[in-house]
Amino acid sequence: MKEIKNFVVFHSQVKHGQMNSAKEFYPGLEENPVERKRLMNRNKILLGREIGFDRRNIFMANQQDSNHPYVPGTSYTVTPDDVAEYRDLYEYDVWADTVKLTRNTPGVVIGFPVSDSANVIALNLKTKEATSTYCSGRHINQGVPFTIASQLGGNPEDIVVDVSPFAYFFPFVGDDKQSEPTWISNSFVWNDCVMEKDGILYIDQKKALTNQLLQSGIQEENIYFRENSLQNPNYYSSQRAKLTQDNSVNGRFMHGVMFECEGQEKDYSQSYVKKYSVK
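The sections below set out a description of the structure shown in this document. (Residues numbered from 1 in each chain as written. Predicted model: local features only at pLDDT ≥ 70, side-chain atom pairs only at ≥ 80, totals over all residues. Heavy atoms only, no water.)

1. Considerations on empty space enclosed by the protein
The line we're drawing: Think of a 1 Å grid over just the protein atoms. A cavity is a set of points where a 1.4 Å probe fits yet cannot get out, a pocket is an open set with protein on both sides within 12 Å along at least five of seven lines, and lining residues have an atom within 4 Å of a point. Grid points are joined across faces, edges and corners, and a volume is the space filled by probe spheres set on the points. For helices the rule is a DSSP run of H or I covering at least 4 residues; for strands it is a run of E covering at least 2, with both sets numbered from the N terminus onward. Lys, Arg, Asp and Glu make up the charged group, whereas Ala, Val, Leu, Ile, Met, Phe, Trp, Tyr, Cys and Pro make up the nonpolar group; the residues left over, Gly among them, are polar.
Enumeration over the complete set of coordinates arrives at 1 cavity of 30 Å³ or more. Reported here for the largest cavity is a volume of approximately 40 Å³. As for the largest cavity, its lining consists of Ala 61, Gln 63, Ala 96, Asp 97, Thr 98, Val 99, Gly 111, Phe 112, Asn 119, Ser 132, Thr 133 and Tyr 134. Elements supplying a minimum of two residues to the lining of the largest cavity: strand 4 (98-101), strand 5 (109-114) and strand 7 (129-135). Top contributing element to the lining of the largest cavity by residue count: strand 7, with 3 residues. Here the lining of the largest cavity is built from residues that sort into 5 nonpolar, 6 polar and 1 charged.

2. Details of the pattern of salt bridges
For clarity, the cut-off: For salt bridges, the criterion is a side-chain nitrogen of Lys or Arg within 4 Å of an Asp or Glu carboxyl oxygen. Only protein chains enter the accessibility calculation, which uses a 1.4 Å probe; a residue whose area is less than 20% of its type maximum is buried, one above 50% is exposed, and one in between is partly exposed.
Applying the stated criterion across every chain, the model contains 9 salt bridges. Residue Asp 54 is joined to Arg 56 by a salt bridge in which the shortest nitrogen-to-oxygen separation is 2.9 Å. The exposure class of Arg 56 is partly exposed, given its relative accessible area of 27%. A salt bridge links Arg 226 to Asp 162, with the shortest nitrogen-to-oxygen separation between them at 2.7 Å. Placement of Arg 226 in the loop between strand 12 (223-225) and helix 6 (238-244) and of Asp 162 in strand 8 (residues 159-163) is noted, with a sequence separation of 64 residues between them. The exposure classification of Arg 226 matches that of Asp 162, with both residues buried.

3. A word on the packing of aromatic side chains
Rules: Any two rings among Phe, Tyr and Trp, with Trp reduced to its six-membered ring, count as a pair given centres within 6.5 Å; such a pair is stacked if its planes are under 30 degrees apart, edge-to-face if over 60, and tilted if neither. Cation placement over rings: the criterion is NZ of Lys or CZ of Arg within 6 Å of the ring centroid and within 35° of the ring normal.
The final tally for this structure, using the stated rule, is 13 aromatic pairs. Feature note: the residues Phe 59, Tyr 76, Tyr 86 and Tyr 92 constitute an aromatic cluster, connected by ring pairs. When the ring centre of Tyr 224 is taken as reference, the NZ or CZ atom of Lys 274 above it lies at 4.8 Å.

4. Observations regarding the nonpolar core
What counts, and what does not: To define a nonpolar core, start from buried Ala, Val, Leu, Ile, Met, Phe, Trp, Tyr and Cys residues and group those joined through side-chain atoms within 4.5 Å. Any two residues whose heavy atoms approach within 4.5 Å at even a single point are treated as in contact.
Core analysis: the biggest nonpolar cluster contains 28 residues, and Val 161, Val 163, Trp 190 and Leu 209 have the highest contact counts within it. Listed by contribution, the elements that provide at least two residues to this core are strand 6 (118-124), strand 8, strand 9 (169-173), strand 11 (200-204), helix 5 (205-215) and strand 12. The contacts of Trp 190, once residues within four sequence positions are left out, are Gly 137, Ile 140, Asn 141, Trp 183, Ile 184, Ser 185, Ile 203, Asp 204, Gln 205 and Ala 208. Counting 24 residues, the second-largest nonpolar core is a separate cluster that includes Phe 7, Cys 261, Tyr 276 and Val 278.

5. Details of the pairing of strand 11
Note the threshold: Pairing between strands is defined by DSSP: at least two bridges between them are needed.
Relative to strand 11, strand 9 runs antiparallel, the two sharing 5 bridges. Counted as the bridge partner of Phe 169 is Asp 204 from strand 11. In this structure, strand 10 (residues 194-197) lies alongside strand 11, joined through 4 bridges in antiparallel fashion. Paired with Lys 197 across the strands is Ile 200, a residue of strand 11. Linkage of strand 10 to strand 11, two consecutive antiparallel strands, is achieved through a turn of 2 residues, within which Asp 198 is found at a positive phi near 55°.

6. Here we look at the layout of surface pockets
One water molecule sets the probe size; rolling that probe over the atoms shows where empty space is left. In this structure, the largest pocket encloses a volume near 270 Å³. Surrounding the largest pocket, 16 residues form its lining, Asp 116, Ser 117, Phe 170, Trp 183 and Gln 239 being those nearest its centre. Contributions of two or more residues to the lining of the largest pocket are made by helix 3 (137-142), strand 9 and helix 6. The dominant element in the lining of the largest pocket, judged by the number of residues it contributes, is helix 6, at 3 residues. Of the residues contributing to the lining of the largest pocket, the split by class is 5 nonpolar, 7 polar and 4 charged. Size it by volume and the second largest pocket reaches roughly 200 Å³. As for the second largest pocket, its lining consists of 15 residues, and the residues nearest its centre are Gly 52, Met 258, Phe 259, Glu 260 and Gln 264. For the lining of the second largest pocket, the element with the most residues is strand 13 (residues 253-261), which contributes 4 residues. Of the residues in the lining of the second largest pocket, the class split is 8 nonpolar, 4 polar and 3 charged.

7. Some points on unusual backbone geometry
Look at Asp 192: it is not a glycine, yet its phi comes out positive at around 65°. Relative to the assigned elements, Asp 192 resides in the loop between strand 9 and strand 10. A positive phi is found at Gln 245, a non-glycine position, where the angle reads about 55°. Position of Gln 245 relative to the elements: it lies in the loop between helix 6 and strand 13.

What follows is the structure in structure tokens.
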């Protein structure tokens, strides 16, 4: 096995196209799932060529539902057997909050397609392990970000965190039936993170997320936040689409991480690609 030199963390933008095949993101193709999937895969192939990975090696977990419940913070480590069995890792269904990457599967990319919610990639630069954890408001409410550090070997002080673009302050407009999201039920988690102005409830996802990462032992100087995506035209935003009634901005972009091995080093000038050197 070639020596691992760096972690490469990246995210896509609107210019890269949709990174999810949900029908609401493809006007006119709602009843054509085959074409939606083809377009999504095409976008991932082109992104892979730009960054340097094989689209078929992208692995991500499914979120729990009524048929697949699990304890919040559940993690799954991708294995060499998974890679050998599935020609396309997108076809491998695993239900978990966190996906873990180790040196045993150097060609795999882990990540998640996001919009207004954060995806958290955590790296231990000494143990050469990485995790990808989707942290929506519901996950923050459940305390999932607090579990991230424990999923990696070594000490929390050695962990570096790269957070995807997301809506730092999530705006929620209530109505007669619902005055606030159901996912802000944990008063401890959202203490001093919710404020109302002009009939809009602003939820400070960034502060609530940061609090849990710090409480888990991760150092503040080791947490890197990418852009606030809510009003940034470079990023899809389901909430912006809802507030502006402009469905053209609805969608998902991708946040992912991969290893860069000796002899495969590549120079990146893109602002959305960041290298972290192993120790």
